[in-house]
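Chain and residue survey
Letter by letter, the chains look like this.
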Amino acid sequence: MFDKAQDYGVSSDTECKMHDDILSEEKIAEKTDNKYKIIIFDKINSTNNYAKNIKKEEIKKPIIIIANEQTEGRGRLGKTFFSPKDTGLYMSIVFSPDKSPEELFMLTIIAAVSVCEAVINITELPAEIKWVNDIFIGGKKICGILTEAEINYQSGKIEKAIVGIGVNTQFPENNFPKEIENIASAINSEKAERNILAAEIINKFEEYYQESDNKSIIEKYKKYSLVLNKKIRYIKNNTEYSATATDINERGNLVVTLSDGTTDILNSGEISIIPTE
């Protein structure tokens, strides 16, 4: 992966302060063996948007874009990701994977496992994965992942992959907006120092990307799953269904069993867990 990338000559001496938690290019570089070009912004509209403007030929090694605040943080399905200053780790990993578009789904799987394990290793909090790309603690979302790519249709390869990761490390000063205050949360641990968390996520992502066996990554993903063996609701073809989440297949799709015993396979969309009485 990472040895095929090329360099992008942008630098920033900006340091971002979150109380005593200051984002530092030097600290993250040191903890990731100086393998990456690291760019830190105090404020940006979106790290993924910035990444889109980087040309493939300008990438000599993977680029890590981090912001202390995003004004237009993006989530899946056109949603926004609330990204206030000083209280989160907003990061995009940009690289040239030289893989087929069919393999893109694994980048989200790898990112979810990497974030989950990084949080657990650093804080010992019970982080879990809500299919397909959210990390939860205590039944509330603390992280979202947005994977995007540019594809060369002549070669049939991904030219540039962007893995966006937004982690709420602390609660915002005025809490979350009302529309998400019942579903959003934060790690809220003194151990969740952002430079350490960023480095751990990056190192885990590289480690799992290098694994040739997707099956082992899927097994880790299933191990941390919040939804397996739970009753869920989902909408497909404008119809709402209730089912039990029974498996996650080799493609990262969610396999569900309906009340009549038939199975369905979900490859995208949103699900909700039905609370137990």
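For the structure given in this document, a descriptive report is provided here.

Cut-offs and rules
Residues numbered from 1 in each chain as written. Predicted model: local features only at pLDDT ≥ 70, side-chain atom pairs only at ≥ 80, totals over all residues. Heavy atoms only, no water. Pairing = 2+ DSSP bridges. Helix = DSSP H or I, 4+ residues; strand = E, 2+ residues; numbered from the N terminus. Axes fitted to C-alpha atoms, helices over the stretch in contact; angles between N-to-C directions. Contact = heavy atoms within 4.5 Å. Core = buried A, V, L, I, M, F, W, Y, C linked by side-chain atoms within 4.5 Å. Buried < 20%, exposed > 50% of the residue type's maximum accessible area, 1.4 Å probe, protein only.

**Some thoughts on the sheet that holds strand β8 (residues 140-152)**
- If you trace the seven strands from one edge of the open sheet to the other, you get β3-β4-β5-β9-β8-β7-β6, paired in mixed fashion. Each end of this open sheet is capped by a strand with a single partner; those strands are β3 (37-41) and β6 (128-130). Between one strand axis and the next, the sheet turns by 20 degrees as a mean value, whatever way the strands run.
- Bridge analysis of β3 against strand β4 (residues 63-67) gives five bridges, and the strand direction is parallel. Bridging across to β4, I38 finds its partner in I64.
- Contacts between helix α4 (residues 194-210) and the sheet are confined to β4, β5 (88-95) and β9 (157-168), with β5 contributing the most and set at about 35 degrees to the helix.

**Let's talk about the nonpolar core**
- Ranked by internal contacts, the top residues of the largest apolar core, which has 66 residues, are I165, V167 and L254.
- Once residues lying within four places of it in the same chain are set aside, the contact partners of L254 are W131, V227, I232, A245, D247, I248, D264, I265, L266 and I271.
- Within the second largest apolar cluster, twelve residues are counted, among which are I39, A51, I63 and I162.

**Some points on the environment of P126**
- Considering the arrangement of structural elements, one finds P126 in the loop between α3 (105-123) and β6.
- Among the residues examined, P126 registers a relative accessible area of 54% and is labelled exposed.
- It is 8.5 Å that separates the C-alpha atoms of P126 and F136, two residues lying ten residues apart in sequence.

**Here we look at the environment of K56**
- Examined against the element boundaries, K56 turns out to sit in the loop between α2 (47-52) and β4.
- In this structure K56 comes out as partly exposed when scored by relative accessible area, which is 30%.
- Considering only alpha carbons, one finds K56 and E150, 94 residues apart in sequence, at a separation of 9.2 Å.

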